[in-house]
Amino acid sequence: MNNKQSNKESARRTVRKVLSLTHKLIPGYITFLLIVKMMAAAQPFIQIYFSSLILDGLLRLDSFDSIFRNVLIMIGLDSLLVLIRWRLEGINWVKKHELTQKINKMLTDKTMEFDFDILEKHETLDTLKKAKDGITTTGDIRSFCDNLAGIIEKLTTIVYSVVLLIPLFIPKVLEETAGLSSLCVFLNQWYSIFIMILVLAIHVFVSYETNKKSSLLQMQFFEKNVSYNRYFSYWFDLIFNYSIGKYIRLYKMQKLMIKKVQETNDNLEKEGVAWINKDIKISFIPFLSQAFMQFVSYSYVGLKAVFSLISAGKCLMYVSSYTRLVESITGISNNFVQIKMESRYLAFFYDYMEIKNKRYDGTIPTEKRDDNKFEIEFRNVSFRYANTEKYALRHVNQKITLGSKNAVVGKNGAGKTTFIKLLCRLYEPTEGQILLNGVDIRYYDYEEYAKLFAVVFQDFNLFSFPLGENVASGIEYNRERAIKCLEQAGFKERFEKLEKGLDTPLYQYEDENGVEISGGEAQKIAIARTLYKDAPFVIMDEPTSALDPVAEYEIYQSFDKMVEGKTSIYISHRMSSCRFCDNILVFDEGQIVEQGSHDKLMSNGGLYSELWNAQAQYYA
Ligand code: ADP
């Protein structure tokens, strides 16, 4: 199969998929479109048909009553159809909107389901961007529906026009043929209609070929557009993100930002102008063929009227029906081209939906243990991030015993965060195994396993939701417990000043009355979120980095109480905070090079004491 054929085949496949998805998401929508558009197509023909009757009536000097009856029927039917269409188009708008919402939801659900390492990949994010553009902007599922509706409407128009044009084939029975011009005799033969069919065929052929070229140009332009759109949404995200706004202002990046957007805009404009210029040149040809076709066909019908082979009213009806027929046949190819183009973008949506998680997901439930008797063991674990050569963890063998307080220390890039991410099963070990109570963690049901951990990562995120929902990570929650956790995390004083308490919206993305909080306050809320989860393992990666010394001291004072009966792991750069831990793991270049209590490690005189002394000298 060559490239062109395979493009066609994949466009057809996507169209079939979109149609069946549309049917699944909004059952009956396609039938609904069919009815609405068949009705819409009928409307002009009511006017065409009745105007011809009225005109003939006037020329025949029919009675006022009979002419007036036709006028009333025409206005009545037309108004009725306008009313019905107005109502149905409203419903159509709602259904199209609902369809977009449902498809957007599929995209969101899929994104939520992804394994972390898949979501983190550049290719996944790129496909997501294209998929989002595919259903909302560039391709747009709604415009796909409009083009589908356009095809239905035009096909129906073709049927109606042909039905009205059929009598034009039928020769008039002439009582007297002597003395008639040979042109009149020829026009009265049924095969003379081939003149109309011939000019129509020429025009349709020319329009189709031009349309194909024009759409190719358009497609090339839109394909380049995908990357421009990506740039634009990236820059606009930056410009309209008010928390980034302070950097832009402080580093005086306004000019740089505007220049970057301008550059992209200029490039896009240049491409756009080049495309339009080429398009104008080729679209001139169908104008010529249309003028030629109109001249011939109008002359044909006009002459038939002049020779009294048809009435004036019928002449009007045939000309109007023929015009509609031509418009529909040429217009329909445009709808097909648009659908083909949109299917290229909608294909990205399917590419995204078809990305599969690779993680082995077990089914064993974790034991529900009130005594929190969970023990973790890293058995010869090594790990390398995708697309990297260097191992972030190498041959890690470590048991984390029940109820122990552990600290993880080491220089930047030593592998501390990777160790935690593997423990939380965000990634799978490249080599070796991690065991929970003696069973490989991959065999546990992931959701159950994830419930065992309450984690604050360095780049913790709070959401622009009410405070209570942030703490509880849910809409329905125990308010008393949420307040208690906030107090334990040192947020009591600030909480008392919040008029709406737990219902205070954070940040101003969702609610304009949202509250701005400082980095330290955000960290306290993140700690409260960890406490609220009440999981057997509490993991905190740099939990106090944004806190002032007093708050930090207070938090460490109450940590013992917070994590009572649980197993805790802290990653911290502040060596002093490790002192209260039973076991300190010292990481270096992906390996655990030392471990033990503070006193033991200090007496070893190894890396730990080096790090400790390096920090202590500033305090001294
Ligand atoms: P630490 O937490 O001790 O500062 P990390 O565990 O974050 O160190 O990183 C260990 C190593 O893995 C570093 O060399 C780092 O550059 C690399 N690394 C971390 N995250 C990624 C990632 N997502 N992709 C590729 N390499 C990574």
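Residues numbered from 1 in each chain as written. Predicted model: local features only at pLDDT ≥ 70, side-chain atom pairs only at ≥ 80, totals over all residues. Heavy atoms only, no water.

> How do you make sense of the overall build of the protein chain when you look at a structure like this?
Secondary structure assignment for the protein chain yields 20 helices and 10 strands. With the C-alpha coordinates aligned to their principal axes, the bounding extent of the protein chain is approximately 130 × 55 × 55 Å. For the protein chain, the proportion of its 620 residues judged to be buried stands at 44%. Summed over its atoms, the accessible surface of the protein chain is roughly 34,000 Å², and 58% of this surface lies on carbon and sulfur atoms. (Helix = DSSP H or I, 4+ residues; strand = E, 2+ residues; numbered from the N terminus. Buried < 20%, exposed > 50% of the residue type's maximum accessible area, 1.4 Å probe, protein only. Areas by Shrake-Rupley, 256 points an atom, 1.4 Å probe, with all protein chains shown as cover.)

> Sorry if this is basic, but what is going on with the packing of helix α2 (residues 29-59) against helix α11 (residues 312-353) here?
Packed helices, taken two at a time, are described by the angle between their axes plus the distance between the axes. The geometry of α2 relative to α11 is characterised by a closest axis approach of 7 Å and an angle of 160° between their N-to-C directions. Looking at the two axes, α2 sits roughly antiparallel to α11. For the pair α2 and α11, the sense of crossing is right-handed. From α2, Pro44, Phe45, Ile48, Tyr49, Ser51, Ser52, Leu55, Asp56 and Leu59 reach across to α11, where they touch Ala312, Gly313, Lys314, Leu316, Met317, Ser320, Ser321 and Arg324. Residues that form the contact of α2 with α11 fall into these classes: nine nonpolar, five polar and three charged. (Axes fitted to C-alpha atoms, helices over the stretch in contact; angles between N-to-C directions. Parallel < 35°, antiparallel > 145°, perpendicular 65-115°, else oblique. Left-handed = near helix turned anticlockwise from the far one by under 90°. Contact = heavy atoms within 4.5 Å. Nonpolar A, V, L, I, M, F, W, Y, C, P; charged D, E, K, R; others polar.)

> Help me understand the sheet that holds strand β9 (residues 583-588), please; the structure alone is not making it clear to me.
Think of a sheet as strands paired side by side through backbone hydrogen bonds, with each pair either parallel or antiparallel. The strand order across the open sheet formed by six strands is β6-β7-β8-β3-β9-β10, and the pairing between neighbours is mixed. Edge positions in the sheet fall to β6 (453-456) and β10 (591-596), since each has one partner strand and no second. Here the strands of the sheet are splayed against their neighbours by 15° on average, with no regard to which way each runs. On the sheet, helix α12 (residues 416-423) packs against β3 (405-410), β6, β7 (537-541), β8 (567-571) and β9 and is oriented at approximately 150° with respect to β8. Contacts from helix α17 (residues 519-533) reach β6 and β7, with the element oriented near 180° to β6. (Pairing = 2+ DSSP bridges.)

> I keep staring at the environment of Leu601 and nothing clicks. Help me out?
Structurally, the position occupied by Leu601 is in helix α19 (residues 598-604). On the basis of relative accessibility, which here comes to 0%, the residue Leu601 falls in the buried class. Put simply, Leu601 and Val206 are 395 residues apart on the chain and 85 Å apart in space, counted from C-alpha to C-alpha. Setting aside its immediate chain neighbours within four residues, Leu601 contacts Ile584, Val586, Glu594, Gln595, Gly596, Gly606, Tyr608 and Ser609.

> Any chance you could explain the pattern of salt bridges here in plain terms?
Pairs can form between side chains of opposite charge once their charged atoms are near each other. For the structure shown, the criterion picks out 16 salt bridges. Note that Glu354 and Lys17 form a salt bridge whose closest N and O atoms lie 3.2 Å from each other. Here Glu354 is found in the loop between α11 and β1 (376-383), whereas its partner Lys17 is found in helix α1 (residues 3-25), with 337 residues between them in sequence. On the basis of relative accessible area, Lys17 is assigned to the partly exposed category, the value being 30%. Its salt-bridge partner being Asp534, residue Lys566 comes within 2.5 Å of it at the nearest N-O pair. Placement of Lys566 in the loop between α18 (549-562) and β8 and of Asp534 in the loop between α17 and β7 is noted, with a sequence separation of 32 residues between them. What makes Lys566 buried here is its relative accessible area of 11%. Taken together, the salt bridges that share partners define one network made up of Glu9, Arg12 and Arg16. (Salt bridge = Lys/Arg side-chain N within 4 Å of Asp/Glu carboxyl O.)

> Whenever I open this one, the site of the ligand confuses me. Can you help?
Gly413, Gly415, Lys416, Thr417 and Thr418 are the nearest of the 13 residues found near the ligand. Gly413 places a main-chain nitrogen or oxygen 2.8 Å from an oxygen atom of the ligand. For the ligand, an oxygen atom lies 3.0 Å from a polar atom in the backbone of Gly415. For the ligand, the protein covers 66% of the area, taking 560 Å² as the surface of the free molecule. With three residues, α12 is the largest single contributor of residues to the shell around the ligand. Here the shell around the ligand is built from residues that sort into three nonpolar, six polar and four charged. (Near = heavy atom within 4 Å. Polar contact = N/O pair within 3.5 Å; in protein donor to acceptor, adjacent residues only side chain to side chain.)

> What is the right way to look at α17 in this model?
In an α-helix, one turn spans 3.6 residues; hence positions three or four apart end up facing the same way. For α17, which comprises 15 residues, the first-to-last C-alpha distance of 21 Å matches the rise-based estimate of 21 Å (1.5 Å per residue) to within 8%. Within α17, 13 of the 15 residues are buried, leaving the element largely enclosed by the surrounding structure. Two residues or fewer after α17 comes Asp534, characterised by a positive phi angle close to 50°. (Expected span 1.5 Å × (residues − 1).)

> Would you take a moment to explain the sheet that holds β1 for this structure?
With respect to topology, four strands assemble into an open sheet ordered β2-β1-β4-β5, the strand pairing being antiparallel. The open sheet has two free edges, formed respectively by β2 (393-400) and β5 (439-440), since each of these has just one partner strand. Relative to β1, α12 is tilted by about 120°, and along the sheet it contacts β1, β2 and β4 (431-436).

> Sorry, what's going on with unusual backbone geometry here?
Across residues other than glycine, the phi torsion is negative in most instances, and most of the peptide bonds are trans. Positive phi outside glycine occurs at Arg425, with the angle close to 65°. Tracing the sequence through the fold places Arg425 in the loop between α12 and β4. Its relative accessible area of 1% is what places Arg425 among the buried residues. The backbone of Asp534 sits at a positive phi, close to 50°, despite the residue not being glycine.

> Looking at this structure, I do not really get the UniProt feature "transmembrane region" (unreviewed entry) in the protein chain. What am I missing?
On the UniProt side, "transmembrane region" (unreviewed entry) is annotated at positions that read residues 21-46, 66-86, 151-170 and 190-208 here. End C-alpha to end C-alpha, residues 151-170 measures 30 Å, and it is 75% helix and 0% strand. End C-alpha to end C-alpha, residues 190-208 measures 28 Å, and it is 79% helix and 0% strand. (UniProt positions renumbered as here; feature names shortened; annotations may be inferred.)

> Honestly, the nonpolar core in this entry has me stumped. Any pointers?
One broad rule of soluble globular proteins: the nonpolar side chains tend to lie buried together. Residues Leu467, Leu486, Ile525, Ile584 and Tyr608 are the most contacted members of the largest nonpolar core, which totals 46 residues. Those elements that provide at least two residues to this core are β3, α14 (467-472), α15 (479-488), α17, β7, α18, β9 and α20 (607-619). Top contributing element to this core by residue count: α17, with seven residues. Shared between two domains, this core takes at least three residues from each, and those domains are domain 2 (368-452 + 537-620) and domain 3 (458-534). Sequence-distant contacts of Ile584, that is, excluding residues within four places in its chain, are made with Ala407, Val409, Cys578, Glu594, Gln595, Gly596, Ser597, His598, Leu601 and Tyr608. Ile376, Phe383, Ala414 and Tyr446 belong to the second largest nonpolar core, which has 32 residues in total. (Core = buried A, V, L, I, M, F, W, Y, C linked by side-chain atoms within 4.5 Å. Domains from an automatic or database assignment.)

> Before we go on, may I ask you to explain a nonpolar patch on the surface in this structure?
Residues Val162, Ile166, Phe169, Ile170, Leu183, Phe186, Trp190, Tyr191, Phe194, Ile197, Leu303 and Val306 make up a contiguous nonpolar surface patch of about 1,100 Å² in total accessible area. For the nonpolar patch, the secondary structure elements donating two or more residues are α7 (182-187), α8 (194-239) and α10 (254-306). In this fold, Val162 is placed in helix α6 (residues 141-165). Owing to a relative accessible area of 37%, Val162 belongs among the partly exposed residues under this scheme. (Patch = residues over 30% accessible without salt bridge, like charges linked within 9 Å, V, L, I, M, F, W, Y side chains within 5 Å.)

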